[in-house]
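Remarks on the overall topology
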Amino acid sequence: MTNSAWETLSDQAVAVAGVVYFLALLAHLVEWASLREVAPASVAAAGGAAGGEVGTGAVAVDTGPDRTAERARRVALFGRLGLLLTGLACAVHFVALLGRGLAADPNRVPWGNMYEFTVSGTFVVTLMYLVLHRRFALAWMAPIVTGFVLTTLMIAVIWLHSEVTPLTEALNSYWLVIHVVSAVIATGAFTLGGILSAAYLVKDRRGEATSGPLARVPSLPTLDRISYRIHAFAFPVWTFAVLITGPIWAHEAWSSYWNWDPKEVWAFITWVVYAAYLHARSTAGWKGRNAAILALVGVATLWFNFVGINFFSTTTQHGYAESAPAFVEPGER
Amino acid sequence: MSTAPPEVPEAPEVPEAPERRAGELSPRELGRWLWRQLTSMRTALILLLMLALAAVPGSVIPQEGVDSVKTARWQDAHPTLTPIYEKLSLFSVYDSPWFSAIYLLLMVSLVGCIIPRTFVYLRAIRAAPPAAPRNLGRLPDHTSYETDESAGDVLERARAALKERGYRLRPDDGGDAVSAERGYLREVGNLIFHLSVVVVLVAFAMGGLFGFRGGAIIVQGTTFTNTLTQYDDFEPGQLFSAGRMDPFTFSFDDFDVEWQNTPRRGVLARAFKAGLTYRESPDAPEKTYDLRVNHPLSVGDTDVFLIGHGYAPMITVKDGNGQEVFSGPVPFLPQDPTFLSFGVLKVPDSPTGEIGLEGLFYPTFQLVDGNPVTIYPNDANPLISMQVYTGDLGLETSAQSVYDLDKTNAEQLLTAEGKPLRLDLELGESATLPDGLGTVTFDGVRPWTRIQFSQTPGKEAALVGVVLALVGLLGSLFIRPRRVWVRARREGGVTMVEVAALDRSGGGDVVPVLEELVDGLRTDAPTSKARDAREDEGRTDT
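None of these values were measured; they are calculated from a predicted model. Here, residues in each chain are numbered from 1, in the same order as that chain's written sequence. As a convention, the first chain written is A and the first ligand written is 1, with the rest following in written order. In view of the model being predicted, local features appear only for residues whose pLDDT reaches at least 70, and side-chain atom pairs are presented and counted only at 80 or more, with totals across whole chains, interfaces and linings using the full set of residues. Note: side-chain values were computed over all heavy atoms of the structure, leaving out hydrogens and water.

**Some points on the overall build of chain A**
Each helix is a run of DSSP H or I of at least 4 residues and each strand a run of E of at least 2, with the numbering of both proceeding from the N terminus. What chain A contains, in helices and strands, is nine helices and zero strands. Along the chain direction, N to C, the helices and strands of chain A fall in the order α-α-α-α-α-α-α-α-α. Only protein chains enter the accessibility calculation, which uses a 1.4 Å probe. A residue is then buried if its area is under 20% of the maximum for its type, exposed if over 50%, and partly exposed in between. Residues classed as buried in chain A amount to 60% of the 333 residues present. Across chain A, the fraction of contacts at a sequence separation of at least 24, relative to all contacts at a separation of at least 6, is 81%. Accessible surface area values rest on a Shrake-Rupley calculation with a 1.4 Å probe, where residue burial reflects the displayed protein chains alone. As presented, chain A carries roughly 13100 Å² of accessible surface, and 66% of it is formed by carbon and sulfur atoms. It only takes one pair of heavy atoms within 4.5 Å for two residues to be counted as in contact.

Laid out in structure tokens, this is it:
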């Protein structure tokens, strides 16, 4: 296949993945809509089941008329269908990344500019959701994750899309693989953690619901614990990306391991906020609400760094929003 | 970190001071109080968040140390704000007194936390697990079962099982229970992390204080000697001394650039490298190195980096008498990826009048619809297009950038029709200037490279520190300290076994641990009572 054929394949795969994510979202919405109609008593049971570590849509309804049982069956069916579609979309999403990498000459990892980074980042979000789905009983997150990934992909295609270009010389290093992979993984994980923290805050405000969508969200302590675990995983990865591989690469390419580049500054700010989150949790016993707020502040700095700095900062050397030219402005003589 | 206990006013150490009022502190007490406040964990956390907050302005306002050109431009555009910002050191946030103050306070606070904590830990690491509480059923995570085995057998097996799982056992547990604890290394990880943060902060400060950063544009065929005069820009740390410069020299022999034809964006420079011949010191043997982006050369303590490249047209200027007043390469600055470049040539020592040239360099010149453009970035059809100035170019009076022509008192040369004179010279072409000023010849093109030099003392220490910090962090996040107690009692013909576990990390889930242990201990079929107990307690979160 030629390079342009790969590129076309990648673009088409992103479009197909978007459509499949949309279908998955629809399936999950049907699932949730069906759930709303179930009698309150049964919903409580369903909520309890989702709060435990039971697989997708396993709604235990042991009492009630046939209609209720029929609806419960529909909830389970569409839940499974949604998950299946999400898995399919994730596979197509991967094809899009693969095509993007093979379209470049020479072949390279598919995260050389902002469009590619966004497509890779959303892929990690989906992948982590699917991997952790069973372990942490994340079925309740399905509409949020599919909705988020779909929206972000649409933004990427509409505003960020750029053609495949060769990497600029400074980006052409194996550190691109190590540094950016770890940054993408940490970003995906922090985003999942942020969704959990947001869900925590919503649920905390509304109180334990016995019906409606909130009833499917796990109990507050469970949310808090899963959120902590995801953050505890993401933080060392972020440390590795921002404070180890980043400086090593900066030293190789820009002659100084820490340049106070706006992107570095904000990556450091994100690091500090999450450090404070973990610290407050382990020593000050900050759980629940305060911790969730701190985690959301962290996610805000993370995404501001990714989106805001690329578009608003004039001095950043991480300006991959548009491909950076290979020229320099020497200092005054 | 140590938490500050509520401050209890201490008994006055000098009782004969009668005029002391309540709450008044002696200097020593005040010092101690301040120290406790500073080293409290709360303060450390606040300082950490303040450091993050203090870093924000530096990412919004252009920084002199990061981009001096952009900073100067910003300062020109904001005449009112500039003096205020300058007073607040907002153009060099990361060297400013207030940023340093937070940084230093954080470091003191960290050290103050770590030292006492290390002693506490050293005592704790040898400590045996605490004895079993009287009533294990009061612990949030517990279970129990009945068995026909003797209590001694159960406890014996529990000891073996816990030891196998890496628990430390309480040695004098002669009674009816086994006490076990694991995860002692979590605290080690924690301490390593905090110590490493101090190491990194010190190493980083060293790099800033004793190091330097500088850059130079070096034209192919020239030689660079590592002395201050050869640098275009040089930023030393506050404690840098020129004696620390490594005495190396190198010549820039050849330049290679790989042009890539991309379908939509035209020709782009992909890989470029500068072939250097260098000596580490004047008597050292000659070595060669191909300098590339991302592949720096280390000479002594100095690292040499290739940052960018461009074109330097070779220009010869003769004065009105036919005497050569300038001949050599003039580095032009690329303006975009097509390598359309801008440059200035100033000739102050011309007896027939100062000459200033300013204009553009087109690597592959072509007229497209009457507009001059460069169609490729490689120098296939080079052309310089210059405007000429004379009169007072301010060359004597003020120090100025070589890329900037001071035109305030200069006069521009015009053609006979009164339009600005433009010299468009192809390779080898020559033009005669009006008013007997002389001639300008475009002799050739040489590539130049922008090379950056830096010394960063302590960079290895910083790397080791940050890697250790990560290791310590992993330890403190993923080592789960927990205590387990097993008690077995003979009651009415059966042995009643109680097992309880306590997670000490916060966020750990000990239910699976408990289940796994009990499954291992129990050889009989589970009794209904045990099942009930587990279902009651099993789903407790955290």
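**Quick look at the environment of B:L297**
All names here are of chain B. Within the secondary structure, L297 sits in strand β10 (residues 297-299). Separated by 156 residues in the primary sequence, L297 and F453 place their C-alpha atoms 9.7 Å from one another. Excluding residues within four positions of it along the chain, L297 makes contact with L276, Y278, Y289, L291, T302, D303 and V304.

**Concerning the interface of chain B and chain A**
Listed per partner, the contact involves 74 residues of chain B and 62 residues of chain A. Summing the contributions of chain B and of chain A, the shared interface buries around 6300 Å²; its carbon and sulfur component is 64%. Here, a salt bridge means any Lys or Arg side-chain nitrogen found within 4 Å of an Asp or Glu carboxyl oxygen. Here chain B and chain A share zero salt bridges between them. N or O atoms closer than or at 3.5 Å make up a polar contact, with two conditions inside protein: a donor-capable atom paired with an acceptor-capable one, and, for residues adjacent in sequence, both atoms drawn from side chains. Here chain B and chain A share five residue pairs in polar contact (both at pLDDT 80 or more) between them. Looking at the side of chain B that touches chain A element by element, the count peaks at 10 residues for helix α8 (residues 459-478) of chain B. Considered class by class, the residues forming the side of chain B that touches chain A number 42 nonpolar, 16 polar and 16 charged. Two parts placed together each lose some accessible area; with a 1.4 Å probe, that loss summed over both constitutes the buried area. In this classification, the charged set is Asp, Glu, Lys and Arg, the nonpolar set is Ala, Val, Leu, Ile, Met, Phe, Trp, Tyr, Cys and Pro, and all remaining amino acids, among them Gly, are polar.

**A look at the packing of aromatic side chains**
The way to describe two aromatic rings as a pair is by their centre distance and the angle between their planes. Two aromatic rings, drawn from Phe, Tyr or Trp (for Trp, its six-membered ring), form a pair once their centres lie within 6.5 Å of each other, and the interplanar angle then sorts them: stacked below 30 degrees, edge-to-face above 60, tilted otherwise. The full count for this structure, using the stated rule, is 38 aromatic pairs over all chains. Where A:F94 meets A:F123, the ring centres are 5.8 Å apart and the plane angle is 35°; that geometry is what we call tilted. A residue pair is termed long-range when its members are at least 10 positions apart, and A:F94 in helix α3 (residues 66-103) and A:F123 in helix α4 (residues 114-132) qualify at 29 residues. Note on A:F148 and A:W303: the rings are 6.1 Å apart at their centroids and 85° apart in plane angle, and the pair reads as edge-to-face. With A:F148 in helix α5 (residues 142-160) and A:W303 in helix α9 (residues 289-312), this pair connects stretches of sequence that are 155 residues apart. With a relative accessible area of 25%, A:F148 lands in the partly exposed category. For A:W303, a relative accessible area of 24% corresponds to the partly exposed category. One aromatic cluster is present, formed by B:F212, B:F224, B:Y231, B:F234, B:F240, B:F248, B:F250 and B:F453 through successive ring pairs. Ring-over charges, as used throughout, are those where CZ of Arg or NZ of Lys falls within 6 Å of the ring centre and within 35 degrees of the ring normal. The ring of B:Y184 is capped by B:R168, whose NZ or CZ atom sits 3.7 Å from the centre of that ring. Positioned over the ring face of B:Y167 is B:R182, at 5.6 Å from the centre of the ring.

**Comments concerning the nonpolar core**
By size, the foremost hydrophobic cluster in this structure holds 128 residues, and its most contacted members are A:W140, A:M141 and A:W271. When residues in this core are grouped by element, the largest group, 17 residues, is from helix α7 (residues 220-254) of chain A. Leave out the neighbours within four places in its chain, and A:W140 touches A:W32, A:L196, A:A199, A:R216, A:V217, A:P218 and A:L223. To qualify as a nonpolar core, a set must consist of buried Ala, Val, Leu, Ile, Met, Phe, Trp, Tyr and Cys residues joined through side-chain atoms within 4.5 Å. In terms of nonpolar packing, the next biggest core, distinct from the first, is built from 25 residues, B:A269, B:Y311, B:V347 and B:L357 among them.

**Structural notes on the confidence of the model for chain A**
Residues and elements named next belong to chain A. Looking at chain A, the pLDDT average stands at 81 and 82% of residues meet or exceed 70. Contacts of residues 38-62 to residues separated by more than four positions or lying in other chains number 38 contacts, the stretch itself having pLDDT below 50. Low pLDDT (under 50) marks residues 320-333, which in the prediction has 41 contacts with non-local residues, meaning those over four places away or in another chain. Along the chain, pLDDT gives the predictor's confidence residue by residue, from 0 to 100.

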